[in-house]
Amino acid sequence: MLSTYTYPRYAAPRAPELDAPHAHHHARVVVVGAGPVGLAAAIDLALQGVAVTLLDEDNTVSLGSRGLCYAQRTLEVLDRLGVGDAVVAKGVTWNVGRTFHRDTEVFRFELQPEPDHQRPGMVNLQQYWLEQFLVERALQLPKLSLRFRHQVTHVEPQADGAVLQVATPEGAFTLHADWVIVADGARSPIRRQLGLELEGQVFRDRFLIADVVMKTDLFPPGQAERWFWFDPPFHRGQSVLLHKEADDVWRIDFQLGWDADPEAEKQPERVLPRVRALLEQGLGREAPAFELEWASVYTFQCRRMASFRHGRLLFVGDAAHQVSPFGARGANSGIQDADNLVWKLKAVLAGHAPERLLDSYSAERGAAADENIRASTRSTDFITPKSPASQVLRDAVLSLAREHVFARGLVNSGRLSVPTHLADSPLNSPDHEAWDCAVAPGSPLPDAPVRHGADDGWLLRHTGGDFVLLLFEPTPASLGPAQRRLIEALSALTPPVRTLLLCERDGPTEGLPPGTRVLIDTRHRATLRLDASPGSAVLLRPDQHLAARWRVPTLNAVQAALARACGHTGAPAA
Amino acid sequence: MNAPQLVTTPHFHRAGPAPAQPYAHGDAFVEQLLAAHRGLDDATSQRLNARLVLLLANHIGDLAVLEQALVAARAGLVATPEETTP
């Protein structure tokens, strides 16, 4: 059926291990599963200098659009991995969501009401395109060995690693890994083999996904929208979701109810009339011609593993936690898992942090999973009411929303992915001063336009991958001798802390300690968004989350915060 | 002094810092309300709703406001008589 996309067939050469059957084959880090999350983790490791082996049982990318909404924070992580530009250029940017009850609009939201971020609120892109860009990036990295058609058939956890049985078309071999990142998806064969349970809720409903090709100017270029209907005239009693994707592909999700027959419903003769009815009655214009590219029927669950770390095995993405699709919290949270995990694993491997730092991965991303599951469960309860009482309440909200503003805010067609502020993280150092802004220790750094030399750019692009102190000063020349000594001392710590000097105005830079980068806060956004004062400072982790902040930083304070962020001090992570 | 008006703009709130997302308090209330109904049969759910209405009405107290609420609640039903759930 697919016509707009040609599936790549990646080379899967014979595994060299097969030619040395009696040798001890060892890998420092193995990532299992080359979906978006496994690819992101492997690329990040390789970029940070850690040799990594990525195993995938297949040799192509995801079938059908599947994960399709990539949120601002994910785009920022993808920027660090080197594929952000490709994703944004290929994808469809949108910022506005509109929700209809029958034929009346009852709710409208904007993902990013605030200007001056490099990345938009959301970009839609079929999962296969994202995976293709990530594979192309992975193949550029000498530290990354990407092995297609390598299926992990058995894992034996050990105190200092794991023994993997790997099957390839030409034969099988044994691989000893110090660390394994398990990114083998919702059905996770490794999780199942180890008998590790998911805890949570399975929903009794079915949805049809249809990828449809059509040319329509429903949205002006660059201003696509997400449309959601409750009980529309063309699909009575159920809900429908419409998204624009790349290449004139449109993604439509139809709620079918639990009694629908999943095999029958994905047949074109059942799908085409549903699509036709939407296009004829739902768009407020003449129906465009269309072709069906792909269709599938899915159910969903909101559940997670109790712990994402099991000794030397680290579970990420859908293998560790699953949500309903309303809110785009699946792939987005998985990529943030990788973002959170990789710098910690690198610090442990480098001897800069104790192993228990990896428990904070489970604590921090477990809190994020709880938040995503809570939001996604609320949306699902609203979209697919489970009892007569909840149906009556839902319908009352929708009918009141036609007239009353308060009820519009209760209409829940999905609360879209936002980054988790890791407020309760054991790695945060608490504030000792007052700060008046939306971020706190544990929050991701908000972006801001900055100038570096003659180049206008973005603050986030100057951070990530290492520990950074953002130091605010009116001009480079206002830096005092004590601060110069601080900057020099920080660069000699383990791990080192690099200083970014954020200035209101440019000025002479003679005498700055080597390696200090000067950025001009051209639109004053960084200062505002961090409530910075002259001389104040923020310590950023390698994943761009805030670890600590001070009105007047001292070497002792920064050193203590760095140690805490590396898991050396503070209460053991839960 | 104007007569008190029924509040129909967003009004859910709680002590402490404002939530990052404007919908957070409303969603939390809907979740709690659904949780209160969980496991009840239809007749018992209706009793729960009636008891809740009376508790909230007494909390509001002002009959002028309550009369506006009754009119607003009823108006939507009359405007779309097919509103009842199939």
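What counts and how
Residues numbered from 1 in each chain as written. Chains lettered and ligands numbered in written order. Predicted model: local features only at pLDDT ≥ 70, side-chain atom pairs only at ≥ 80, totals over all residues. Helix = DSSP H or I, 4+ residues; strand = E, 2+ residues; numbered from the N terminus. Buried ≥ 20, exposed ≤ 12 C-beta atoms within 10 Å, placed from the backbone. Expected span 1.5 Å × (residues − 1). Pairing = 2+ DSSP bridges. Contact = placed C-beta atoms within 7 Å. Nonpolar A, V, L, I, M, F, W, Y, C, P; charged D, E, K, R; others polar. Core = buried A, V, L, I, M, F, W, Y, C linked by C-beta atoms within 7 Å. Domains from an automatic or database assignment. Axes fitted to C-alpha atoms, helices over the stretch in contact; angles between N-to-C directions.

### A word on the overall build of chain B
Helix and strand counts for chain B stand at 3 helices and 0 strands. For chain B, the N- to C-terminal ordering of α and β elements is α-α-α. Out of the 86 residues in chain B, the part that is buried amounts to 6%.

### Here we look at helix α10 (residues 388-401) of chain A
Taking 1.5 Å per residue, 14 residues should reach 20 Å; α10 of chain A reaches 20 Å between its end C-alpha atoms and fits that length. Within the span of α10 of chain A, buried status applies to Ala389, Leu393, Arg394, Val397, Leu398, Ser399, Leu400 and Ala401 of chain A.

### Examining the pairing of strand β14 (residues 239-244) of chain A
All names here are of chain A. By the criterion of burial, β14 is predominantly enclosed, with 6 of the 6 residues buried. Neither face of β14 is exposed, since Ser239, Leu241 and His243 on one face and Val240, Leu242 and Lys244 on the opposite face are all buried. As paired strands, strand β13 (residues 224-230) and β14 are joined by 4 bridges and run antiparallel to one another. The residue bridging Phe230 from the neighbouring strand is Ser239, located in β14.

### Brief notes about the interface of chain A and chain B
Taken together, the 23 residues of chain A in the interface contact 23 residues of chain B. For the side of chain A that touches chain B, the secondary-structure elements that each account for two or more residues are α9 (357-383), α10 and α11 (405-408) of chain A. In terms of residue count, α10 of chain A provides more of the side of chain A that touches chain B than any other element does, 9 residues in total. Here the residues of the side of chain A that touches chain B are counted per class, giving 10 nonpolar, 8 polar and 5 charged.

### Quick notes on the nonpolar core
Residues and elements named next belong to chain A. By size, the foremost hydrophobic cluster in this structure holds 119 residues, and its most contacted members are Ala41, Ala42, Val182, Leu314 and Val316. Taken together, domain 1 (30-202 + 302-376) and domain 3 (449-565) each give at least three residues to this core, which thus spans both. Leave out the neighbours within four places in its chain, and Ala41 touches Val31, Ile181, Ala183, Val316, Ala338, Leu341 and Val342. If you look at the next biggest cluster of nonpolar residues, it comprises 39 residues, including Phe207, Phe228, Val397 and Leu410.

### Section: the environment of Ala260 of chain A
All names here are of chain A. Residue placement: Ala260 occurs in the loop between β15 (249-255) and α6 (262-265). On the basis of neighbour counts, which here come to 18 C-beta atoms within 10 Å, the residue Ala260 falls in the partly exposed class. It is 8.6 Å that separates the C-alpha atoms of Ala260 and Asp205, two residues lying 55 residues apart in sequence. Excluding residues within four positions of it along the chain, Ala260 makes contact with Arg206 and Glu265.

### Some remarks on the sheet that holds strand β11 (residues 199-202) of chain A
All names here are of chain A. Here 3 strands make up an open sheet; going across it, the order is β11-β17-β20 and the pairing antiparallel. Looking at the sheet topology across the chains shown, the edges are occupied by β11 and β20 (321-322). In this fold α9 packs onto β11, β17 (301-304) and β20, with an angle of close to 160° to the strand it touches most, β17.

### What about the pairing of β15 of chain A?
Residues and elements named next belong to chain A. Counting buried positions along β15 yields 6 of 7 residues, so the element is predominantly enclosed. Where strand β12 (residues 207-213) meets β15, 7 bridges bridge the pair, whose relative direction is antiparallel. Within β15, the residue paired with Leu208 across the bridge is Phe254. Here β14 pairs with β15 via 5 bridges, running antiparallel. Opposite Val240, over in β15, you have Phe254 as the bridge partner. Two successive antiparallel strands, β14 and β15, enclose a turn made up of 4 residues, where Asp247 displays a positive phi of approximately 60°.

### Structural notes on unusual backbone geometry
All names here are of chain A. With an omega of -10°, the peptide bond running from Thr494 to Pro495 counts as cis. Relative to the helices and strands, Pro495 resides in the loop between α12 (481-491) and β24 (497-503). Even without a glycine there, the phi angle at Arg66 is positive, about 45°. Along the chain, Arg66 turns up in the loop between β2 (52-56) and β3 (69-71). Residues other than glycine seldom take positive phi values, yet His524 does so here, at roughly 65°. Counting through the fold element by element, His524 comes out in the loop between β25 (517-520) and α13 (525-529).

### Here's the deal with the domain arrangement of chain A
Residues and elements named next belong to chain A. As assigned here, chain A comprises domain 1 (30-202 + 302-376), domain 2 (207-299) and domain 3 (449-565). Listed as interface residues are 20 residues of domain 1 and, on the opposing side, 20 residues of domain 2. At 9 residues, strand β4 (residues 92-101) tops the list of elements feeding residues into the side of domain 1 that touches domain 2. Counted by class, the side of domain 1 that touches domain 2 contains 7 nonpolar, 9 polar and 4 charged residues.

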